[in-house]
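Overview (structure and organization)
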Amino acid sequence: MKKLLILLISSVLMIACKSGNGSKKDAGTEKPVITVTIEPLRYFTEAIAGDEYTVVSMVPKGSSPETYDPTPQQLVELAKSKAYFRIGHIGFERVWADRLADNAPHLQFFELSRGIELIFDTPHQHVHSSAPESNYQEEEMHHTDEADGERPLLGVEPHIWNSPTNAQIIAGNILNALCLMNKQNESVYLERYNTLCRKLERTDSLICNMLSTPNADRAFMIYHPALSYFARDYDLYQIPIEAGGKEPSPAQLKELINTCKEENVHVIFVQPEFDRRNADLIAKQTGTTVVPINPLSYDWEDEMLKVARALSGEKTTEE
Ligand SMILES: [Zn+2]
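An account of the accompanying structure is given in this report. Worth saying up front: this structure is predicted, and the values here are computed from it rather than measured.

About the cut-offs
- Residues numbered from 1 in each chain as written.
- Predicted model: local features only at pLDDT ≥ 70, side-chain atom pairs only at ≥ 80, totals over all residues.
- Heavy atoms only, no water.
- 1 Å grid on protein atoms, 1.4 Å probe; cavity = no way out; pocket = protein on both sides within 12 Å on 5 of 7 lines; lining within 4 Å.
- Points joined across faces, edges and corners; volume = space filled by probe spheres on them.
- Donors = N, O, S within 2.8 Å, 3.2 Å for Na, K, Ca; no water.
- Tetrahedral: all angles 85-135°; square planar, octahedral: opposite > 155°, others 65-115°.
- Buried < 20%, exposed > 50% of the residue type's maximum accessible area, 1.4 Å probe, protein only.
- Salt bridge = Lys/Arg side-chain N within 4 Å of Asp/Glu carboxyl O.
- Helix = DSSP H or I, 4+ residues; strand = E, 2+ residues; numbered from the N terminus.
- Pairing = 2+ DSSP bridges.
- Core = buried A, V, L, I, M, F, W, Y, C linked by side-chain atoms within 4.5 Å.
- Contact = heavy atoms within 4.5 Å.

A few points about empty space enclosed by the protein
Enumeration according to the criterion identifies one cavity of 30 Å³ or more in this entry. The computed volume of the largest cavity comes to approximately 90 Å³. Lining the largest cavity are Ser-64, Pro-65, Glu-66, His-159, Trp-161, His-224, Ala-226, Gln-271, Glu-273, Phe-274, Pro-295 and Leu-296.

Set out below in structure tokens:
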């Protein structure tokens, strides 16, 4: 399996080299590229890098970063990137990005989750029902065998970016990476980093304010547990509907309906990558509100505030 993947990537890269100068010409105005895994990382990176780089995210809208497979075209583009900024614990990154390092030796990899206090959820089964489960686990096993210095940890809760506290650490890691890549611009990066941090602090205090209102919820339900770090930051109880990456069984659904009432849940968050039927079903039985959110959005601040606003008891519009 592994050999096959490497072969595939090598041949894709070979095609890329052959056709590289004929495919897309931008009259010499092409900026160097930094590739990131998901849109929120593009937001943080652009905030500090300005327009010095074109920042590209690997996982497109509507796809899940745990199970995404890049297209051959994306692999070609990635080989042209100067650097890859990754969280370091997302399924897609484990399966693909590290392996790419063997095939694109010039690519600098930076771990944006460095220094973050990680949450471990064991047993970790971050697999979607539609995904080839056995494959994923096989990849993960292979991966831990590799002695590549930055050994990925199994069972890490991967949704690290959904937390203003973590976002500041991510921003710091981006700052360091950019300075390593271009020392001359250090002062400009630092200035932008400070601006971003003030914004992140403001978001944090807005969330704190909303969650400290007397009617604010202390527990919430969510289809896919993307708000683990958010819940830790603000002392909230996250109740996932998904069970081990799969749809809940009828018995589990029944239990969730009970939990919903016991924990005084008013809000069920759903994400665009996942079917919301189960959430709707629970909502119908319990009188709770289903609130669509997108933690993979470029508009990271808006999404964080949307979550807090829904929990604050303020009226939210259902889509
Ligand atoms: Zn996820």
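That covers the picture; the talk isn't over yet.
A closer look at the coordination of the zinc ion
Working reference: metal with six octahedral donors, ideal angles 90 or 180 degrees; metal with four tetrahedral donors, ideal angle 109.5 degrees. In the first shell of the zinc ion, the protein supplies Glu-66 (OE), Glu-66 (OE), His-159 (NE2) and His-224 (NE2), at 2.0 to 2.6 Å from the metal. Its four donor atoms give the zinc ion angles of 52 to 146° at the centre, a pattern that matches the irregular case. The class for His-224 is buried, based on a relative accessible area of 3%.

Concerning the pattern of salt bridges
According to the stated counting rule, one finds nine salt bridges in the structure shown. A salt bridge links Arg-277 to Asp-275; the shortest N-O distance between them is 2.8 Å. Among the salt bridges present, the one from Lys-306 reaches Glu-303, with a minimum N-O distance of 3.7 Å. Here Lys-306 and its partner Glu-303 are both found in helix H11 (residues 300-311), three residues apart, which amounts to about one turn of the helix. Given a relative accessible area of 25%, Lys-306 falls into the partly exposed group. Taking relative accessible area as the criterion, Glu-303 reaches 9% and is therefore assigned buried. Through salt bridges with shared partners, a single network forms among Glu-39, Arg-42 and Glu-46.

Structural notes on the pairing of strand E3 (residues 83-86)
Residues Ala-83 and Phe-85 of E3 are buried on one face, and the alternating residues Tyr-84 and Arg-86, pointing to the opposite face, are buried as well. Relative to E3, strand E1 (residues 33-36) runs parallel, the two being bridged by three bridges. Note on E3: the bridge partner recorded for Val-36 is Phe-85.

Observations regarding the nonpolar core
Across soluble globular proteins, you tend to see nonpolar side chains buried next to one another. Within the largest apolar cluster, 70 residues are counted, with the highest numbers of intra-cluster contacts made by Phe-44, Ile-48, Phe-85, Ile-170, Leu-178, Phe-230 and Phe-269. With nine residues, helix H6 (residues 164-181) is the largest single contributor of residues to this core. If sequence neighbours within four positions are ignored, Ile-170 has contacts with Leu-41, Phe-44, Ile-87, Leu-112, Ile-116, Ile-160 and Trp-161. Ala-219, Met-221, Tyr-223 and Ile-241 belong to the second largest nonpolar core, which has 17 residues in total.

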